[in-house]
Amino acid sequence: MTQVRKRIRQQADSESSVANGGELASELARGVNPEVSATPIAPGSKNVAAKDVKDSSRDDVRRSAPSVIRKRNSNSQTTPKKLLQADHAATLDQSFAQSTDRTFSPSIPMSQNLVTASPRTNFSAAQPSTQFISNGKPGTLKIIPLGGLHEIGKNTCIFEYEDEIMMLDAGLAFPTDGMHGIQIVLPDMTYLRDNREKIKGMIVTHGHEDHIGGIAFHLKQVDIPVIYGPRLAMALLSDKLEEAGVSDRTEIRTVGPREFVRVGTKFLVEFIRNTHSMADSFSVAIHTPLGVVIHTGDFKFDHTPVDGEYFDLQRLAEYGEKGVLCLISDSTNAEIPGFTPSEKSVYPNLERAFAKAPGRLLVTTFASSVHRVNMILDIAHKQGRVVSVLGRSMLNTIAHARNLGYVKCPDDLFVPIHELQNYPDHKVVILTTGSQGEPLSALTRISKGEHRQIKIRNGDTVVLSANPIPGNTIAVVNTIDRLMMLGANVVYGRDKGIHVSGHGSQEDHKLMISLTRPKFFMPVHGEHRMLVKHAEIAQSLGIPADNMVIIENGDVVELTQDSIKIGDRVPSGIELVDASRSGVVSDRALRERQQLANEGLVTVAASIYSTGQLACDPQVHMSGVVSSIDPSKLTGAIGATLKNFLSNRFERFVTNPARRSDDDIDWGGLKVELEREFQRLLRRDFVGTPQVVVLVQPIAAPISVRRDRPAPAAPTGNTAVAAATDSIAPESPAAPSGRRRRRTAASVAS
């Protein structure tokens, strides 16, 4: 902690030598970007199509020697004390002026063939504090989480000010055991559908599925004009949108560290580099008419990151010095003491596990954990092994990460799966998905012996470089058991040191709060006990209990410059998507699936005349029903119930008693009522609640039955002949088919 503070202090001292932004601000106010060109820019323009002005100050954190920052006016400097004395508007102006006074040069070239780079918005020093407020006084900022609270996954948040909405992330979660046939769980988006005209755009913090996995589904229901996010996340998202056929419904723009983007007229967002288990991850500082709201995204403080992209502690400290209205912070590991270890701490343990493997190595981790994948590939290359990749998500992530420079390895390291037979076992690594026991993942199918190309054999080593997230423990344990029974040596568990979390622990949270020094605090991204513990940590650092809220999905947090409170609620819950991906699975459909799995199915097929009489005994079939009752007894009870129902209640479903044709009977309503009647019978007499499906086959009434119907008044012509013929027709013991009856009736009438 002392070293971190010392480093921040050194960076702050270096920053204090930066010239006052007065001259630069005046140039920007005149519409000139001095760092790019002398081309005039229209004042107040939102997205200027000039070369991006980016920020290289993250290199100040990365390098031991302080970087040289050009001075625009050595006689005009601003100290932290003077900044503190300035009001919020002046502070914002100074922040923009200073941040625009540097040029960022990325260490990895931007890939222009995937997504569009975000044009840097230029702001004059006089604009930021006043351009937000339209009515002369600040209003209320609404923060509405639709997912990510009291759960792990589907992180989705809405920021709403007056008539504008900005979305932050839109993730998914994975189904529980009781969600039969469900592949994806999404938050309820009713509020966004009802307010779709207010949506101005979205910002994305990083590319994990629980932050971007739901965007393609939401775009089928609402339009999002523009989505800003990191290069890797936007590359992965671009594939998802293409696959879903919704790429034309939004515009994707990439951003870099310390870049500003405008969303609508009420939100101005700066992206701040952080460290996480996924490369290219950001926290965001959201400038609003009320002040600055910092959303941490998923984070931990990794001081030795694999890719050399350090957490921009300096920028967080600058915001803390100037004043942060509210901090919204990741709570996932709030129960765990200490700091979360660096990702690099996994490397020697993975290297040891690889070296001990006598035969083939099967390694699984999160497909989106680019740093972990990069280390696995590096170790395989060092030990002279070839790598074959299983799982489409793993293939896509590696392809994009290599294209953007986050994964570096030779091309000949990879071999197709069907060529592994040409290599000795001790030279083979199979990198696969399935670290969470997903039913359709490659590793799960391998453990069940269902994979077409890979079969486990004695001497294989399986390395699980991931811990199960809450809700997946049983699936992961079952996968491990099956692999062991097939003869594999499985390396797993926290004691092996082959996995570290990408989320900060208690000391990480303390450092985040100490750097940003927020007035209000809101813990997010975690189960309830994690949120409570995070709030306790914040309170121990001096944030009053009245200045923080613990909320649920759907709560509307109303934030002003002087207060934070929970207001009304918006519709919340879940929307379920199955393998068809054609729509949302309704609650009723899910209940029916659960009932089928738990109790089985009873099918009743009945042929019924339009007069309400049975043409023959009903056919009863049972699937998955366990009962000691004789099936013939159940069939008899259902038949008796059906006859009684038709005798006493059939007339309720006849809409035209005079004609009684098929179209004059509500067969659908009859079917529903019969299903309810049979369910009551089974629940009452047979102690079970299986799903009941009734199949009704309508049959036109035979002549012998129609003979007794009341005749219509004064029939004439052909109608009279037909009626007279019907009255003398002999009774037929067997009902003729409907088709033959219609031909007979037509010939008699003619």
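Rules used in this analysis
Residues numbered from 1 in each chain as written. Predicted model: local features only at pLDDT ≥ 70, side-chain atom pairs only at ≥ 80, totals over all residues. Heavy atoms only, no water. Phe/Tyr/Trp six-rings, centres within 6.5 Å; stacked < 30°, edge-to-face > 60°. Salt bridge = Lys/Arg side-chain N within 4 Å of Asp/Glu carboxyl O. Helix = DSSP H or I, 4+ residues; strand = E, 2+ residues; numbered from the N terminus. Buried < 20%, exposed > 50% of the residue type's maximum accessible area, 1.4 Å probe, protein only. Expected span 1.5 Å × (residues − 1). Contact = heavy atoms within 4.5 Å. Pairing = 2+ DSSP bridges. Axes fitted to C-alpha atoms, helices over the stretch in contact; angles between N-to-C directions. Core = buried A, V, L, I, M, F, W, Y, C linked by side-chain atoms within 4.5 Å. Polar contact = N/O pair within 3.5 Å; in protein donor to acceptor, adjacent residues only side chain to side chain. Arc of directions from axis to C-beta. pLDDT = per-residue confidence, 0-100.

1. Considering the packing of aromatic side chains
So, step 1. Evaluated as defined, the whole model comprises six aromatic pairs.
So, step 2. Three or more aromatic residues joined by ring pairs form one cluster here, namely Phe299, Phe301 and Phe311.

2. Details of the pattern of salt bridges
A side chain of one charge can pair with a side chain of the opposite charge when the charged atoms of the two come close.
So, step 1. Here the structure, examined in full by the defined rule, presents 33 salt bridges.
So, step 2. Two residues, Glu536 and Lys533, come together in a salt bridge whose shortest N-O distance is 3.7 Å. Highlighted residues: Glu536 and Lys533, both in helix H17 (residues 528–540), separated by three residues, approximately one helical turn.
So, step 3. A residue is classified by how much of its surface remains accessible, and Lys533, at 31% relative accessible area, is partly exposed.
So, step 4. Notably, a salt bridge pairs Glu675 with Lys671, separated by 2.7 Å at the nearest N-O pair. Of this pair, Glu675 and Lys671 are both found in helix H20 (residues 667–685), four residues apart, which corresponds to roughly one turn of the helix.
So, step 5. Given a relative accessible area of 13%, Glu675 falls into the buried group.
So, step 6. Given the relative accessible area of 29%, Lys671 is considered partly exposed.

3. Description of helix H13 (residues 392–404)
So, step 1. With 13 residues, H13 ought to run about 18 Å at 1.5 Å a step, and its terminal C-alpha atoms sit 18 Å apart, in line with that.
So, step 2. Where H13 is buried, its residues contact helix H9 (231–244), helix H12 (370–382), strand S15 (386–390) and strand S16 (428–432).

4. Observations concerning the sheet that holds strand S18 (residues 489–491)
As a general point, the strands of a sheet are linked pairwise by backbone hydrogen bonds and lie either parallel or antiparallel.
So, step 1. Taking strand neighbours across the sheet as the criterion, the five strands line up as S15-S16-S14-S17-S18 in an open arrangement whose pairing is parallel. Each edge of the sheet is formed by a strand with only one pairing partner; in this case those strands are S15 and S18. Averaged over all neighbouring strand pairs, the angle between strand axes comes to 20°, with direction disregarded.

5. Let's talk about the nonpolar core
So, step 1. If you look at the biggest cluster of nonpolar residues, it comprises 63 residues, and the most contacted ones within it are Met167, Ile215 and Leu431.
So, step 2. Residues Cys157, Ile286, Leu325 and Met522 belong to the second largest nonpolar core, which totals 34 residues.

6. Things to note about the environment of Ala334
So, step 1. On the secondary structure map, Ala334 appears in the loop between strand S13 (324–330) and helix H11 (347–356).
So, step 2. With relative accessibility at 0%, the residue Ala334 sits in the buried group.
So, step 3. Between the C-alpha atoms of Ala334 and Glu507, which are 173 residues apart in sequence, the distance is 8.9 Å.
So, step 4. Apart from the residues lying within four places of it in its own chain, the contact partners of Ala334 are Gln506, His509, Met530, Lys533, His534 and Ile537.

7. Regarding the side chain of His509
So, step 1. Along the polypeptide, His509 turns up in helix H16 (residues 506–516).
So, step 2. Aside from chain neighbours lying at most four places away, what touches His509 is Phe299, Ser329, Asp330, Ser331, Asn333, Ala334, Gly504 and His534.

8. Digging into unusual backbone geometry
So, step 1. With a phi close to 40°, Lys154 is a non-glycine residue in the positive phi region.
So, step 2. Along the chain, Lys154 falls in the loop between strand S2 (141–147) and strand S3 (156–161).
So, step 3. A residue is classified by how much of its surface remains accessible, and Lys154, at 3% relative accessible area, is buried.

9. Considering the sheet that holds strand S24 (residues 601–609)
So, step 1. Strand order in this open sheet of three strands is S25-S24-S26, and the pairing throughout is mixed. Of all the strands in the sheet, just strand S25 (619–623) and strand S26 (691–699) have a single pairing partner and so form its edges. Shown here is a sheet whose adjacent strand axes are inclined to one another by a mean of 15°, direction ignored.
So, step 2. Two elements, S24 and S25, share five bridges in a ladder whose sense is antiparallel. By the bridge assignment for S25, Ala605 is matched with Gln619.
So, step 3. Along the sheet, H20 makes contact with S24 and S26, crossing S26 at roughly 140°.

10. Describing the side chain of Thr364
So, step 1. Examined against the element boundaries, Thr364 turns out to sit in strand S14 (residues 361–364).
So, step 2. Of the polar contacts made by the side chain of Thr364, one reaches the backbone nitrogen of Ser435; its length is 3.1 Å.
So, step 3. In contact with Thr364, other than residues within four places in its own chain, are Thr432, Thr433, Gly434, Ser435, Leu443, Val463, Leu464 and Ser465.

11. Quick word on H11
So, step 1. Among the residues of H11, Tyr347, Leu350, Ala353 and Phe354 are the ones counted as buried. Down the axis of H11, the smallest arc covering the buried residues is 130°, so these residues share one side. Within H11, the exposed residues directed more than 90 degrees away from the buried face are Ala355 and Lys356.

12. Description of the confidence of the model for the protein chain
So, step 1. Per-residue confidence for the protein chain gives a mean pLDDT of 78; residues scoring 70 or more make up 73%.
So, step 2. Considering only residues more than four positions removed or in separate chains, one finds that residues 7–131, a stretch of pLDDT under 50, has 219 contacts.
So, step 3. Considering only residues more than four positions removed or in separate chains, one finds that residues 706–750, a stretch of pLDDT under 50, has 25 contacts.

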